[in-house]
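A look at the structure
Below, each chain spelled out in residue letters.
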Amino acid sequence: MLAQTLYDKLWADHCVLKGEDGLDLIYIDRQLLHEVTSPQAFEGLGLENRKPFRLDANLAVPDHNVPTTGREEAITDPIAALQLKTLQDNCDKYDIPFISMSDQRQGIVHVIGPEQGATLPGTTIVCGDSHTATHGAFGALAFGIGTSEVELVLASQCLRQKKMRNMRIQVDGSLAPGVTAKDLILYIIGQIGTDGGTGCAIEFCGQAIEELSIEGRMTVCNMAIEAGARVGLVAVDSKTIDYFRGKPFAPKNDVWDLAVNEWEKLKSDPGAGFDADIKFNAEDIAPQVSYGTSPEMVVDIDSTIPTQSDFDDVTKQDQLSNAMKYMDLQEGMPVKDIQLDKVFIGSCTNSRIEDLRDAATIVANKSLAKNIKLALIVPGSGLVKEQAESEGLDKIFIAAGFEWREPGCSMCLAMNDDRLDAGEHCASTSNRNFEGRQGQGGRTHLVSPVMAAAAGIYGHFVDVRDLLEVTDASV
Amino acid sequence: MQAFKTLEAVVAPLDRANVDTDAIIPKQFLKSIKRTGFGAYLFDEWRFLDAGSLDKQPDDRQLNPDFILNQACYSDAEILITKKNFGCGSSREHAPWALADYGFKVIIAPSFADIFYNNCFKNGVLVIQLSEQKVDELIEHCLANPGCAWKVDLEQQQIELDNGELLEFDIEAARREHLLQGLDDIGLTLQHEQLIKDYETKRRQSKPWLYDAIKP
């Protein structure tokens, strides 16, 4: 049999019908639902008198629009309250498994999927959210879809899809101390561009990827979409399998052994063909800071914002001019000189326990700089929050002046009250620095959790590698 | 879904690359649980000078005179031409809903983000890819001839420019058929219901851990 990539294997395993017209019928094992992209899908289902094809394939949780503070009180925004109630009502009506806002397990859909074992290796996972790519870290074929497709999956458990091309990104060598999974993926996006992976499923491999924790691999796959790829993938290894031991919805006992036997096959065959093959060296990667309004606009921490003459391409020159105007920054200035107003540590990219532990290492026994008006820590889920509190991380953050919040998407997209005011610069561990993303007129700088924490302490960006040399902290 | 066959309409040029779905429809409007009414907030932070919200009507707001769609000659535009990687970022289908609701039926660019591309076809919006060089040329042409109108023929896969030039475009056969006939995706997929059920029965046997595991 022909050597197959991991993506080829996942596709073949889920192909119900090969379409003569180029669109295959693909079976979906799991659909994650949240309040923003599902109401119109449920409405469509109801209008046609259709029922969900399969109930136990779904898991719903509110995350995008939930408040991160004052949860005991009623939500003051009536439009947000209606959207949250609509999710609950739809789940009640159709009997869809639902985790409510008051449940300890509530959190960002891409954090709780794996945490509960709803995400499993070898599955197809969809959600009306582009960061569904996150789940590819477990050798699952996971991608974001629109609301019409949410409805289609509810109604038929299938999608009609065109197979993507195979891209492999190999990262050799080891990341230096202080350089994280977030820096790795920002660096890759900076190199290949926000459309570098368009039309592709990217498999990440190589020593640096193998050495990453499961949380780190999730961060990398999460931002595959920021490189244009709907799908990011990492092959299954012993870390993947260990992660699912004891997770509530994961298999147990004899069935566990059966599953592990299947999961161990989830890797690309030697000699499998990729349509595109790109290699990087982890030793070339420094902590990254985004300076513009697209995730590809990143530079090393010890570097300066590019100038027009750094680009040959008129489109890139225009993009730089637009970004400098929006961000109120100057070409050629050192990124360390950018003055900051807010810090956000959270989002489906960086809100897991490892992220909070890393940030706490930097923050311990220090205080926020005077120019920082607000610094938020928003754990990815109630269980992450509980774990962090059991380790005393909340006390470290609060003592330094950070606010310790309830789980949700929060200031990553600022649908709730957590947002930037016009003109404010924010060191953010989220995934998008688009105009207005964190609040109209707000200016986002994408960084890792340790870089965001350090920026909060110093009031501007600093090279965390220098801090490590001074304190010898292990990050 | 409404079928698409031909369209003759004014073209609006948006001379910008990497336009993301946050720019197409900002997050404050995603709180709506409806599919309609998003056109009023299309490109909200570029079209208006004041901050928008779902309870504000466009008539009560301050238009940004510098934004191209606010020029009178584009008030009836139904074709949008723009630069590469249009629709990147968030998967929100609210983006094509807003474009369609505003009146755009055709979008032309050198490339589109994958999820956005899919979402457009689900809403009867024809998305056409042309080469980067051609698009640059066409945007310049539009800027020099503001308010020019083109004719798009999906059956012939052809665009006729205002100067008579004919451009051919490629489109996947399946998507072309869907648009031409206005087919309902769910109905089409459920024609294979028995096949899906058979697949599921086999999967339940070979991978039992994927079934009856998630409980409320």
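Heads up: the structure comes first, above all this text.
Heads up: these notes are all about the structure in this document.

About the thresholds
Residues numbered from 1 in each chain as written. Chains lettered and ligands numbered in written order. Predicted model: local features only at pLDDT ≥ 70, side-chain atom pairs only at ≥ 80, totals over all residues. Helix = DSSP H or I, 4+ residues; strand = E, 2+ residues; numbered from the N terminus. Rg over C-alpha atoms; globule rule 2.2 N^0.38 Å. Buried ≥ 20, exposed ≤ 12 C-beta atoms within 10 Å, placed from the backbone. Contact = placed C-beta atoms within 7 Å. Pairing = 2+ DSSP bridges. Expected span 1.5 Å × (residues − 1). Axes fitted to C-alpha atoms, helices over the stretch in contact; angles between N-to-C directions. Nonpolar A, V, L, I, M, F, W, Y, C, P; charged D, E, K, R; others polar. Core = buried A, V, L, I, M, F, W, Y, C linked by C-beta atoms within 7 Å. Parallel < 35°, antiparallel > 145°, perpendicular 65-115°, else oblique. Left-handed = near helix turned anticlockwise from the far one by under 90°. Right-handed = clockwise from strand over helix to strand, strands pointing away.

**Details of the overall build of chain A**
- Of regular secondary structure, chain A possesses 16 helices and 18 strands.
- For 475 residues, the compact-globule formula gives about 23 Å, and the C-alpha radius of gyration of chain A, at 22 Å, lands near that figure.
- For chain A, the spread of C-alpha atoms along the three principal axes comes to 55 × 55 × 45 Å.
- Every one of the 475 residues in chain A was classed for burial, and the buried ones make up 60%.

**Details of the overall build of chain B**
- Helix and strand counts for chain B come out as eight helices and seven strands.
- Dimensions of chain B along its principal axes, counting C-alpha atoms only, are 65 × 45 × 25 Å.
- Restricting to contacts in chain B with at least 6 residues of sequence separation, those with at least 24 account for 67%.

**Some thoughts on the pairing of strand β5 (residues 124–127) of chain A**
Residues and elements named next belong to chain A.
- Covered by surrounding structure in β5 are T124 and V126 together with I125 and C127, the residues of both alternating faces.
- Here four bridges tie β5 to strand β6 (residues 141–144), and the two strands are oriented parallel to one another. Bridging from a neighbouring strand, C127 pairs with G144 of β6.

**Concerning helix α6 (residues 181–192) of chain A**
All names here are of chain A.
- In this model α6 runs 17 Å from its N-terminal to its C-terminal C-alpha over 12 residues, within 8% of the 16 Å that 1.5 Å per residue would give.
- For α6, the buried fraction is high: 11 of the 12 residues fall into the buried class.
- At the C-terminal side of α6, G193 shows a positive phi close to 90 degrees.

**Thoughts on the sheet that holds strand β16 (residues 403–404) of chain A**
Residues and elements named next belong to chain A.
- Taken together, five strands build an open sheet; the order of strands is β16-β15-β14-β17-β18 and the sheet is parallel. Either end of the sheet is taken by a strand with one partner, and the two such strands are β16 and β18 (443–446).
- On top of the sheet, helix α15 (residues 449–458) reaches β14 (342–345), β15 (374–377) and β17 (425–428); it is set at about 150 degrees to β14, its chief contact.

**Brief notes about the interface of chain A and chain B**
- Between chain A and chain B, the residue contacts involve 63 residues of the former and 51 residues of the latter.
- Of all elements in the fold, only β1 (15–17), β2 (24–27), α2 (39–47), α3 (78–94), α5 (147–156), β7 (158–161), α10 (253–263) and α11 (314–327) of chain A reach the threshold of two or more residues within the side of chain A that touches chain B.
- The element contributing the most residues to the side of chain A that touches chain B is α5 of chain A, with six residues.
- Among the residues making up the side of chain A that touches chain B, the classes are represented as 26 nonpolar, 25 polar and 12 charged.

**A word on the nonpolar core**
- Membership of the largest hydrophobic core comes to 211 residues, with the highest contact counts inside it found for I202 and V231 of chain A together with A98, L99 and I107 of chain B.
- No other element matches the eight residues that α6 of chain A contributes to this core.

**Some thoughts on the packing of helix α12 (residues 353–363) of chain A against α15 of chain A**
Residues and elements named next belong to chain A.
- Across the interface, α12 lies against α15 with an axial gap of 8 Å and an inter-helix angle of 30 degrees. By the angle between their axes, α12 is roughly parallel relative to α15. α15 is crossed by α12, and the crossing has right-handed handedness. Residues D355, D358, A359, I362 and V363 of α12 lie in contact with α15, whose contacting residues are P449, V450, A452, A453, A454 and I457.
- Residues of the contact of α12 with α15, tallied by class, amount to nine nonpolar, no polar and two charged.

**Examining the pairing of strand β3 (residues 30–33) of chain A**
All names here are of chain A.
- Residues R30 and L32 line one face of β3 and the alternating positions Q31 and L33 line the opposite face, and both faces are buried.
- When β3 meets β5, the two strands line up parallel, connected through three bridges. Opposite R30, over in β5, you have I125 as the bridge partner.
- Bridge count between β3 and strand β4 (residues 58–60): three bridges; the pairing is parallel. Paired with L33 across the two strands is A60, which belongs to β4.
- In this fold, β3 hands off to α2, which returns the chain to β4; that crossover is right-handed.

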